[in-house]
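Residues per chain, in single letters:
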Amino acid sequence: SSGINAEYWHLISTNLEQEKNSPLLFPGKCDDATLAQFPPTILDSREFDMFVTETRRLAGRLCRAGKLVELVVIPGCVHASPCNPELESSKVWIDVMRKCIKKYLLE
């Protein structure tokens, strides 16, 4: 799992070693002043996602900064569950994202 994650980080980073503390790649590493400059933010995760704890921590910090709009944690599934359209959790995630887009971007 960590090897796959490293491959993904290298795809979006020009120099991962230099950017390992970049708030653009790792927003959880931002200081509070930088988080206060974030736009209103929606975070989503899965109940058994390997990053759910980090997502919840970031949500708490964004909430204290007045920037968290929604934190969505889809129950009973893992990190990549929304990638499989056959899973019920994928359908739940799509429905939740549609509602968020409608509520925050279209209304």
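Everything below is about the structure printed above this text.
Here the structure is a predicted model, which means the values were calculated and not measured.

Thresholds, definitions, all that
Residue positions are counted from 1 within each chain, in the order its sequence is given. In keeping with the predicted nature of the model, local features appear solely for residues at pLDDT of at least 70, side-chain atom pairs appear and are counted solely at 80 or more, and the whole-chain, interface and lining totals rest on all residues. Side-chain measures were taken over the full set of non-hydrogen atoms in the model, leaving aside hydrogen atoms and water. Two rings from Phe, Tyr or Trp (for Trp, the six-membered ring) form a pair when their centres sit within 6.5 Å of each other. Planes less than 30 degrees apart are called stacked, planes more than 60 degrees apart edge-to-face, and all others tilted. Whether a charge sits over a ring comes down to the Lys NZ or Arg CZ being within 6 Å of the ring centre and within 35 degrees of the ring normal. What goes into a patch is any residue over 30% in relative accessible area without a salt bridge, connected to like charges within 9 Å or, for nonpolar side chains (Val, Leu, Ile, Met, Phe, Trp, Tyr), within 5 Å. Areas reported as accessible are Shrake-Rupley estimates using a 1.4 Å probe. Residue values count occlusion only from the protein chains shown. The term salt bridge refers to a side-chain nitrogen of Lys or Arg lying within 4 Å of a carboxyl oxygen of Asp or Glu. For the purposes of this entry, the term helix denotes a DSSP run of H or I that reaches at least four residues, the term strand denotes a run of E that reaches at least two, and both are numbered from the N terminus. By this definition, two strands are paired if DSSP reports at least two bridges between them. Handedness of a crossover is defined as follows: with both strands directed away from the viewer, a clockwise route from the first strand across the helix to the second makes it right-handed. Working definition of a nonpolar core: buried Ala, Val, Leu, Ile, Met, Phe, Trp, Tyr and Cys residues. They are joined through side-chain atoms within 4.5 Å. We call a residue buried when its accessible area falls under 20% of the maximum for its residue type, exposed when it is over 50%, and partly exposed in between, using a 1.4 Å probe and counting protein chains only. By definition in these notes, contact holds between two residues if any of their heavy atoms fall within 4.5 Å.

### A short note on the packing of aromatic side chains
Item 1. Within this structure, the stated rule accounts for zero aromatic pairs.
Item 2. Note that K29 overlies the ring of F26, its terminal NZ or CZ placed 4.9 Å from the centroid.

### A word on a nonpolar patch on the surface
Item 1. A surface patch of nonpolar side chains, amounting to about 470 Å² of accessible area, comprises I4, Y8, L11 and I12.
Item 2. Along the chain, the position of L11 falls in helix α1 (residues 2-12).

### Brief notes about the pairing of strand β1 (residues 41-46)
Looking down a regular strand, the side chains alternate between one sheet face and the other.
Item 1. As defined by bridge partners, β1 adjoins strand β2 (residues 68-74) across six bridges and the pair is classed as parallel. Counterpart to I42 in the pairing with β2 is E70.
Item 2. One crossover worth recording links β1 to the parallel β2 by way of helix α4 (residues 52-64), and it is right-handed.

### Structural notes on the nonpolar core
Across soluble globular proteins, you tend to see nonpolar side chains buried next to one another.
Item 1. Counting seven residues, the largest nonpolar core is built from C30, L35, F38, L43, L58, A59 and L62.
Item 2. Top contributing element to this core by residue count: α4, with three residues.
Item 3. One finds I74, C77, V96 and M97 within the second-largest nonpolar core, a separate group that totals six residues.

### Re the pattern of salt bridges
Note that side chains of opposite charge can pair when their charged atoms are close.
Item 1. This structure, assessed with the given rule, holds five salt bridges.
Item 2. With its nearest N and O atoms 3.2 Å apart, the salt bridge here joins D95 to K99. With D95 and K99 both in helix α5 (residues 88-106), this residue pair falls four residues apart, about one helical turn.
Item 3. Of the residues examined, K99 reaches a relative accessible area of 53% and is grouped as exposed.

### Side note on the side chain of T55
Item 1. Among the structural elements, T55 can be located in helix α4.
Item 2. By relative accessible area, which is 14% here, T55 ends up buried.
Item 3. Once you skip the residues sitting within four places of it in the chain, T55 turns out to touch L43, D44, S45 and L71.

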